[in-house]
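The residues making up each chain are set out below.
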Amino acid sequence: MNIGQAAKASGVSAKMIRYYEQTGLIPKADRRQSGYRDYSDTDVHMLRFIRRSRDLGFSVAEIQELLDLWRDEGRASAEVKRLAQRHIEDLQQKIAALQDMTNTLTQLVCACHGDDRPHCPILERLEADSAQVAPVPGDVALLETVVVTFEGIFAGEGFQPGDTGAHLRQAG
């Protein structure tokens, strides 16, 4: 099948198939007499494997490792598991970093009045050196809002503003 057909059958674009060939992730396809690439069912199967690996966020280098392990029938599954666990750890670090960014941006958005005034804590924070970054203006107000919210939630559970919960520990 030609590259367009292989792309459709595998879910990998023709551009990416050419890239994978160029980088050596997949072997170069056989050529027809006309010069067009000719992909086999085995090639399409490998491209699907790559697509599924990319869908899970594996890098090209990691996919190369996975392909090498996949092709090695004498492999130990422990090697595959180690690679997958390492990838999970990388993903968790990325998730934590994204959550930190979300939290910071949420604080900045809460601190910004979003009105006609020129003062903008978001721009001030982006402008500041990381060593000079002060707490986000409005952090205290945000914290007070959270405390009041929790006090309201827990008031129905026997908590009163200022309670430490000691009376509940004594009762239990």
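Above this text you will find the structure in question.
Each chain has its residues counted from 1, following the order in which its sequence is written. Note on the predicted model: pLDDT of at least 70 is required for a residue's local features to be given, and 80 or more for side-chain atom pairs to be given and counted; whole-chain, interface and lining totals, by contrast, use all residues. Only hydrogens and water are removed before side-chain values are computed, so all heavy atoms of the structure are retained for them.

Trainee: How do you make sense of the overall build of the chain when you look at a structure like this?
Mentor: When helices and strands are counted, the chain shows eight helices and two strands. Burial status across the chain gives 20% buried among its 172 residues. It only takes one pair of heavy atoms within 4.5 Å for two residues to be counted as in contact. Residue pairs in contact within the chain that sit at least 24 positions apart in sequence constitute 44% of those at least 6 positions apart. Carbon and sulfur atoms form 55% of the exposed surface of the chain, whose accessible area is close to 12,400 Å². Secondary structure elements are taken from DSSP: a helix is a run of H or I of four residues or more, a strand is a run of E of two residues or more, and numbering for both begins at the N terminus. Any residue under 20% of the maximum accessible area for its type is buried, any over 50% is exposed, and the rest in between are partly exposed; the area is computed with a 1.4 Å probe on protein chains only. Note that accessible areas follow from Shrake-Rupley with a 1.4 Å probe, and for residues the cover is restricted to the protein chains shown.

Trainee: Where do I start with the environment of H45 in this structure?
Mentor: Its location among the elements puts H45 in helix 3 (residues 41-55). Overall, H45 belongs to the partly exposed group, its relative accessible area being 40%. C-alpha separation for the pair H45 and S10, spaced 35 residues apart in sequence, amounts to 7.2 Å.

Trainee: Just to check I follow, could you spell out the side chain of S53 for this structure?
Mentor: Its location among the elements puts S53 in helix 3. Contacts of S53, omitting those with residues within four sequence positions, involve F58, I63 and L66.

Trainee: Please explain the packing of aromatic side chains as it appears in this structure.
Mentor: What describes a pair of aromatic rings is the distance from one ring centre to the other and the angle between the planes of the rings. Paired rings are identified among Phe, Tyr and Trp, the last through its six-membered ring, by centres lying within 6.5 Å, and are further divided according to the angle between planes into stacked (under 30 degrees), edge-to-face (over 60) and tilted (the rest). Using the criterion set out here, one finds two aromatic pairs in the structure. Ring geometry for F49 and W70: centres 4.4 Å apart, planes at 10 degrees, overall stacked. Of this pair, F49 sits in helix 3 while W70 sits in helix 4 (residues 60-71); the two residues are 21 residues apart in sequence, bridging distant segments of the chain. A relative accessible area of 18% places F49 in the buried class. The partly exposed category is assigned to W70, whose relative accessible area is 32%.

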